[in-house]
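Below are the chains, spelled out letter by letter.
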Amino acid sequence: MKYIAAYHTDIGITKKTNQDSLAMKVVDTKDGRVAFAIVCDGMGGLSKGELASKEVILAFCSWFDEILLTDIDNNSFEESKLIQQWNDIIQVQNKRLGEYGKTNNIQLGTTVSALLIYKDCYYIVHVGDSRIYHMGQGVTQLTKDQTFIAREIAAGRLTEEQAKTDPRRSVLLQCVGASPVVQPEFTKGDVTSNTVYMLCSDGFRHQITDKEMMDKIGPDAVNDEEEIKFGCIYLTELVKNRRETDNITVAVLKAI
């Protein structure tokens, strides 16, 4: 299967720094193309959020270049090994960022949402409230928000409508760097052709609808990287015009 990809990130209309970080890689291997994308949202209310998100991105990129591609080349890729490798990265980064924060008397943290596509399967690791979506006939959220609000909705103490304006909507239950214990969520599924996988920070999704996403970056809307890029920019500007105050990041992979 082939993949096309593009992304866009924007500081937004109010922030002085962009604390979001991302990476995308599409590489040819002896087992076909491998696609990887990751979005990290540094905590906006915490100091050095941009440092936290960048460090986690670099750790995952090093894993991809130095470990994953070697495992594929050596025919030693295993799902259980992948989960262990990802968990190790997150635990190491959580400890390192936590120690850095204590040494410098600051708090810093980041969400992590990463997607690997290999041999027609997708693998996801997730911490926080950035999201990964699947777009086929419709839009499906593949990750669960690890937030106070999501927990309250699941418990029946808040409705979806109430959550949209609740001032606690950005309160995370865990993040990498600012939580004493981090338990990542791992997900696996099958990939089919003519589908889109979209990763985004929470600033991208608050002010737009599923239909608007499908119309601009859904599988029938994008046929090349230029069209994906245009759709990402269009939706980002739409979000800004609707007065979203956070940083905005979106990354899109289409399976052909």
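The preceding data block contains the structure.
Here's what I pulled together on the structure shown here. Because the structure is predicted, anything quoted here is derived from the model rather than measured. (Residues numbered from 1 in each chain as written. Predicted model: local features only at pLDDT ≥ 70, side-chain atom pairs only at ≥ 80, totals over all residues. Heavy atoms only, no water.)

Inspection of the secondary structure assignment puts Glu-185 in strand β8 (residues 185-190). The charged side chain of Glu-185 is buried without a salt bridge, its nearest counter-charge being Lys-144 at 6.0 Å. Apart from residues lying up to four places away in sequence, Glu-185 is in contact with Ile-124, Val-125, His-126, Leu-142, Thr-143, Lys-144 and Gln-146. (Helix = DSSP H or I, 4+ residues; strand = E, 2+ residues; numbered from the N terminus. Buried < 20%, exposed > 50% of the residue type's maximum accessible area, 1.4 Å probe, protein only. Lys, Arg positive; Asp, Glu negative; His and termini not counted. Salt bridge = Lys/Arg side-chain N within 4 Å of Asp/Glu carboxyl O. Contact = heavy atoms within 4.5 Å.)

Our next topic: the sheet that holds strand β3 (residues 32-41). A sheet is described by the order of its strands in space; here five strands give the open sequence β2-β3-β4-β5-β8, paired in antiparallel fashion. The open sheet has two edge strands with one neighbour each: β2 (20-29) and β8. Averaged over all pairs of adjacent strands, the angle between their axes in this sheet comes to 10 degrees, without regard to strand direction. Where helix α1 (residues 49-73) meets the sheet, it contacts β2, β3, β4 (112-118) and β5 (121-127), and its direction lies at approximately 10 degrees from that of β2. (Pairing = 2+ DSSP bridges. Axes fitted to C-alpha atoms, helices over the stretch in contact; angles between N-to-C directions.)

Glancing now at the environment of Asn-75. In this structure, Asn-75 sits in the loop between α1 and α2 (79-104). We classify Asn-75 as exposed; its relative accessible area is 60%. Distance from Asn-75 to Asp-31, taken between C-alpha atoms, is 9.3 Å for residues 44 residues apart in sequence. Only 3.2 Å separates the side chain of Asn-75 from the side chain of Lys-30, close enough to count as a polar contact. (Polar contact = N/O pair within 3.5 Å; in protein donor to acceptor, adjacent residues only side chain to side chain.)

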